[in-house]
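# Chains, contacts and geometry: an overview
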Amino acid sequence: MNHHKLVEHYLIPTVLFCLNIAFVHAIYRLATRPMLVDFEIIVCLFAVLLLCVALYTKTRWLLIGSSVFYLFLLLLVIN
Amino acid sequence: MDNTRTKSVKTNKGEGKLIWKIHHWSGFYTGIVIAVLCITGSVAVFIPEIDYIIQRMHYSAASSPAKKWHFDQSVVSLTHQYPDYQSLRIEFPEKPGYAGIVHLTVKANTAEDRFAFFVDMGKDKILGRRNHQNSIANYLRQIHVRLYEGNWGRYFVGFGGVAFVIVTITGLMIYGNFMKRQQYPQIRNGKGLRLVMADWHKLLGISSLAFNLMIALTGAWLGLQGWFKVKNPSQYQAAAVMSGEADAQTTVNWEEVLGTTARYFPDLVPLSAVSSTDGSGTVTISGNIKGLIYERAINRLTLSKFGLQPVFKYDIREKPFWHKFFFVQEALHFGDYGGLGLKITYALLGLVSAFLSISGFVVYFYRTAKKSNRKSAPLKITFIYSVIILLVLVIAALVSTLIGYSTAALMMAVVIDGGLVGIVLYGLIRFLRRKFCLPKPVIG
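The structure presented is a predicted model; accordingly, all values stated were derived computationally and were not measured.

Calculation rules
- Residues numbered from 1 in each chain as written.
- Chains lettered and ligands numbered in written order.
- Predicted model: local features only at pLDDT ≥ 70, side-chain atom pairs only at ≥ 80, totals over all residues.
- Heavy atoms only, no water.
- Phe/Tyr/Trp six-rings, centres within 6.5 Å; stacked < 30°, edge-to-face > 60°.
- Helix = DSSP H or I, 4+ residues; strand = E, 2+ residues; numbered from the N terminus.
- Buried < 20%, exposed > 50% of the residue type's maximum accessible area, 1.4 Å probe, protein only.
- Lys NZ or Arg CZ within 6 Å of the ring centre and 35° of its normal.
- UniProt positions renumbered as here; feature names shortened; annotations may be inferred.
- Salt bridge = Lys/Arg side-chain N within 4 Å of Asp/Glu carboxyl O.
- Contact = heavy atoms within 4.5 Å.
- Buried area = accessible area lost by both parts, 1.4 Å probe.
- Polar contact = N/O pair within 3.5 Å; in protein donor to acceptor, adjacent residues only side chain to side chain.
- Nonpolar A, V, L, I, M, F, W, Y, C, P; charged D, E, K, R; others polar.
- Pairing = 2+ DSSP bridges.
- Axes fitted to C-alpha atoms, helices over the stretch in contact; angles between N-to-C directions.
- Expected span 1.5 Å × (residues − 1).
- Domains from an automatic or database assignment.
- Core = buried A, V, L, I, M, F, W, Y, C linked by side-chain atoms within 4.5 Å.
- Parallel < 35°, antiparallel > 145°, perpendicular 65-115°, else oblique.
- Left-handed = near helix turned anticlockwise from the far one by under 90°.

Residues and elements named next belong to chain B. The full count for this structure, using the stated rule, is 35 aromatic pairs over all chains. Between tryptophan 221 and phenylalanine 325, the ring centres sit 5.5 Å apart and the planes meet at 70°, which makes this aromatic pair edge-to-face. Of this pair, tryptophan 221 sits in helix H7 (residues 209-224) while phenylalanine 325 sits in helix H10 (residues 321-334), and the two are 104 residues apart along the sequence. Residue phenylalanine 325 is classed as partly exposed on the basis of its relative accessible area, which comes to 33%. A network of ring pairs unites the aromatic residues Trp221, Tyr236, Phe312, Tyr314, Phe321, Trp322, Phe325, Phe326 and Phe327 as a single cluster. Sitting over the face of the ring of phenylalanine 265, lysine 313 holds its NZ or CZ atom 4.6 Å from the ring centroid.

What follows deals with the UniProt feature "transmembrane region" (unreviewed entry) in chain A. All names here are of chain A. Mapped onto the present numbering, the UniProt feature "transmembrane region" (unreviewed entry) falls at residues 6-28, 35-56 and 62-78. Across residues 6-28 one finds 100% helix and 0% strand; the C-alpha atoms that close the span lie 32 Å apart. The annotated region residues 62-78 carries 100% helix and 0% strand content, and the separation between its end C-alpha atoms amounts to 24 Å.

Another aspect to go through is the pattern of salt bridges. All names here are of chain A. Within the structure shown, the criterion is met by 12 salt bridges over all chains. Where lysine 58 meets glutamate 8, a salt bridge forms, and the shortest distance between an N and an O atom there is 2.9 Å. Residue lysine 58 is located in the loop between helix H2 (39-57) and helix H3 (60-78), and its partner glutamate 8 is located in helix H1 (residues 3-32); the two are separated by 50 residues in the primary sequence. A residue is classified by how much of its surface remains accessible, and lysine 58, at 18% relative accessible area, is buried. Here glutamate 40 ties to arginine 29 by a salt bridge, and the two come within 2.7 Å at their closest N and O atoms. Linking glutamate 40 in helix H2 with arginine 29 in helix H1, this pair joins segments that are 11 residues apart in sequence. Assessed through its relative accessible area of 14%, glutamate 40 is described here as buried. Arginine 29 gets classed as buried once you look at its relative accessible area, which sits at 10%.

What follows deals with the interface of chain B and chain A. Each partner contributes residues to the interface: chain B has 25 residues there, and chain A has 19 residues. For the pairing of chain B and chain A, the buried interface totals around 1800 Å² over both sides, and the portion due to carbon and sulfur atoms is 65%. Broken down residue by residue, the surface that chain B buries against chain A is led by Tyr184(B), Ala210(B) and Tyr337(B), which jointly contribute 26%. Where chain B touches chain A, the interface holds 0 salt bridges. Where chain B meets chain A, there are 9 residue pairs in polar contact (both at pLDDT 80 or more). Here the side of chain B that touches chain A is built from residues that sort into 13 nonpolar, 10 polar and 2 charged.

This part is about the side chain of Asp51(B). Residues and elements named next belong to chain B. By the secondary structure assignment, aspartate 51 is in helix H2 (residues 47-58). What makes aspartate 51 buried here is its relative accessible area of 11%. Within the structure, aspartate 51 has its side chain in polar contact with the side chain of arginine 130 (distance 3.0 Å). With sequence-adjacent residues up to four places away left out, aspartate 51 is seen in contact with Arg130 and Ala137.

Residue and element names in this part refer to chain B. Overall, antiparallel pairing links the 8 strands, which are arranged S4-S3-S2-S1-S5-S6-S7-S8 in an open sheet. Across the chains shown, the open sheet's two edge strands, defined by having one partner strand only, are strand S4 (125-131) and strand S8 (310-314). Strand-to-strand twist of the sheet, defined as the mean angle between neighbouring strand axes without regard to direction, takes the value 20°. Examined bridge by bridge, strand S3 (residues 112-120) and S4 share 6 bridges and lie antiparallel to one another. Bridge assignment links phenylalanine 118 to a residue of S4, and that residue is glycine 128.

Let's shift gears to H2(A). All names here are of chain A. Spanning 19 residues, H2 covers 27 Å between terminal C-alpha atoms, matching the ideal 27 Å at 1.5 Å per step. Of all the positions in H2, only Glu40, Ile41, Val43, Cys44, Ala47, Val48, Leu51, Ala54 and Leu55 are classed as buried. Along its buried surface, H2 packs onto H1 and H3. Just downstream of H2, lysine 58 is the residue with a positive phi angle, here 60°.

This part is about the domain arrangement of chain B. Looking at the assigned domains, one finds that chain B contains domain 1 (22-47 + 139-230 + 335-437) and domain 2 (65-122 + 234-318). One C-alpha centre belongs to domain 1 of chain B, the other to domain 2 of chain B, and the line joining them spans 38 Å.

Before going further, it helps to spend a moment on the nonpolar core. Residue and element names in this part refer to chain B. Formed by 29 residues in total, the largest nonpolar core has its most connected members in Phe71, Val102, Leu104, Trp254 and Val257. Put simply, the parts of the chain that give this core at least two residues each are helix H3 (72-81), strand S1 (85-91), strand S2 (100-107), S3, helix H9 (254-264), strand S5 (268-275), strand S6 (282-289) and strand S7 (299-304). Excluding its chain neighbours within four sequence positions, the residues that come into contact with leucine 104 are Leu78, Tyr82, Tyr85, Ser87, Leu88, Asp113, Arg114, Phe115 and Phe117.

All names here are of chain B. For the pair H2 and helix H4 (residues 136-146), interaxial distance at closest approach is 9 Å and the crossing angle is 160°. By the criterion of interaxial angle, the relationship of H2 to H4 is roughly antiparallel. Crossing handedness for the pair H2 and H4: right-handed. On H4, the residues that touch Ile47, Ile50, Asp51 and Ile54 of H2 are Ile136, Ala137, Leu140 and Arg141. Taken together, the residues of the contact of H2 with H4 break down into 6 nonpolar, no polar and 2 charged.

What follows covers the UniProt feature "transmembrane region" (unreviewed entry) in chain B. Residues and elements named next belong to chain B. According to UniProt, the positions carrying the feature "transmembrane region" (unreviewed entry) are residues 27-47, 155-178, 203-224, 344-366, 378-403 and 409-429. As annotated, residues 203-224 has a helix share of 95% and a strand share of 0%, and its two end C-alpha atoms lie 30 Å apart. Its end C-alpha atoms 33 Å apart, residues 344-366 is made of 100% helix and 0% strand.

Our next topic: the packing of H4(B) against helix H13 (residues 378-403) of chain B. Residues and elements named next belong to chain B. Orientation of H4 relative to H13, taken along the N-to-C sense of each, is 135°, at an axis distance of 10 Å. Classified by the angle their axes make, H4 and H13 are oblique. In terms of crossing hand, the pair formed by H4 and H13 is right-handed. Contacts between H4 and H13 involve Ile136, Tyr139 and Ile143 from the first element and Leu393, Ala396, Ala397, Ser400 and Thr401 from the second. Taken together, the residues of the contact of H4 with H13 break down into 6 nonpolar, 2 polar and no charged.

Shown next, in the form of C-alpha cells:
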C-alpha cells in the first residue's frame, strides 16, 4: 500500500473520527467541571491538539499515535 | 498469479460499485427525510432555551430570586380549580430566573386538555397558562421525533435513522475510491459546481463521520424502540392503596418532599415531580445526577404521600450495563449533557449532515441532467425542493400553534403518508413503463 493511500484513505478518516469524539468529549468535560482543572480535561485538550497537528502535518506516525493515544484515553475514561 | 490479481481487482471494483449503488439509492430515497430530521434536530437541541425566551417574552413568566422554591399554594389552588384533574406534574426551574411549570391534564368534553401553568417559584404565584400541546416547544420536539405522525411517525423516523446509518457506513467505504489522488481537504474550485459540491460532500461527510454515525444509530434506536417493543427498564408501578379520586385529593407539603428527597438521594438534581392519581398514594421526584451522560430525569425517588417514606429509588449509577446502555442513547442523541457549547456544536454538525443530503441531490441532478433531459438547473431544482420542505415545516408550526396539535397532525399525516404512497406509486409506474411500454433495443 503506498504512502498516499494509507494516509489519505485510511489514517485521515481515523483521525477525523477520533477528533469528532475528542472535541465533544472536551466540551462536555469543560462544561461539567468549569471550576476544576483536572487531569482528564488537560489530557483531553492535549489529545484534541495532537489530532489537529497530525491532521495538518499528515505525518504517518503522528496520525497513528494521536488516534491510539485518544482511543486509549477514551477507554480509560469509560472504565 | 496475474490472473488471480486481475480477478481480485475486478471483484473489488464490483464490490465498490455495489456499495456505491447502496449509498446512492438509500441516499436518494431517504435523503429528504434525513435532511428534515437533521434540520429539525439542529433546532430541537435548543428547545429549553427557545421555550425560556417564549415564556419570558410572551407570558412574562419568571421566578423571583429566593433561596428555596415555594409553590405549595399555587399547586393547591390549581387542584381546587380543577378537582377532577387526571395528572399533575411539576417542572422545576433549571436555572435561576426560570419559572416553574405545573402541568395539569384535565378532562375536556371529548378529549383531554393539557395545561401548563407558569409559577413564580420565589413568590408562589401563578403567572399564566398555555396549552402545552400547542406550544412551539412541543412542535419542535414532535416534528423531530415523529414528524407529527403518532407512533407510525416515530417508526418512520427510526427507519430514517437506519437509512442514515447505511449511507454513513457506505459513504466511508467508498471514500477512498472517490478520493483517489485527491488530498484532504482539497476542493477543486473552478472545475464546475458538480465537482465542487462533490468535494464538499466528501470533505464534510468524512469530517463529521463519527457524529453522523452516533446520531444515526441513536436515532434509529430511539425511533424503533416501540416497533421492537423494547421495555423501559426503569418502569415501576406502586400498588394501589386507595381510589384514584381520593389519591388526587391527597395533598403533600412540597417543601418537605424536596427536603426528604435531598436526604435520601443527595446527588439528585430535581427536574420534575409527579403526584399520583392512580390510587398508589405516592409522589415521584425525577432528576439528573450532575456530570453523567444519561437521559434527562431518569433518576427517581418515589415517596409515600403518607409519612414521605421512600418506596422506590432508581439511581442509574447502581444499575446494570443494560440500563446504562438504554438511557445513554437519548442523552447522546440530543446533546444536552455539555452546556450551550455542546448544543451549538451539535446544531452545527446537524446542519452539516443536512448539507450532505442536499449536496448529494445536487450532484445527482448534475450527473443525470443529460440523460433525463431536464430543463431546469440542478441547483434551482434543489433550491425549489428545499423551499417547499421548509414551507411545509413552517405551515405545520403555524397550524400547530395557532389552530391546534391535532389539526397539524392530520395535515402532516396527509403530507407524509401521501408522499410515501406517491413515491411508491411513482416507482411502480416507472418500473412498469420501462418493462412493458418502452421499445426494446434491437440487437445486431
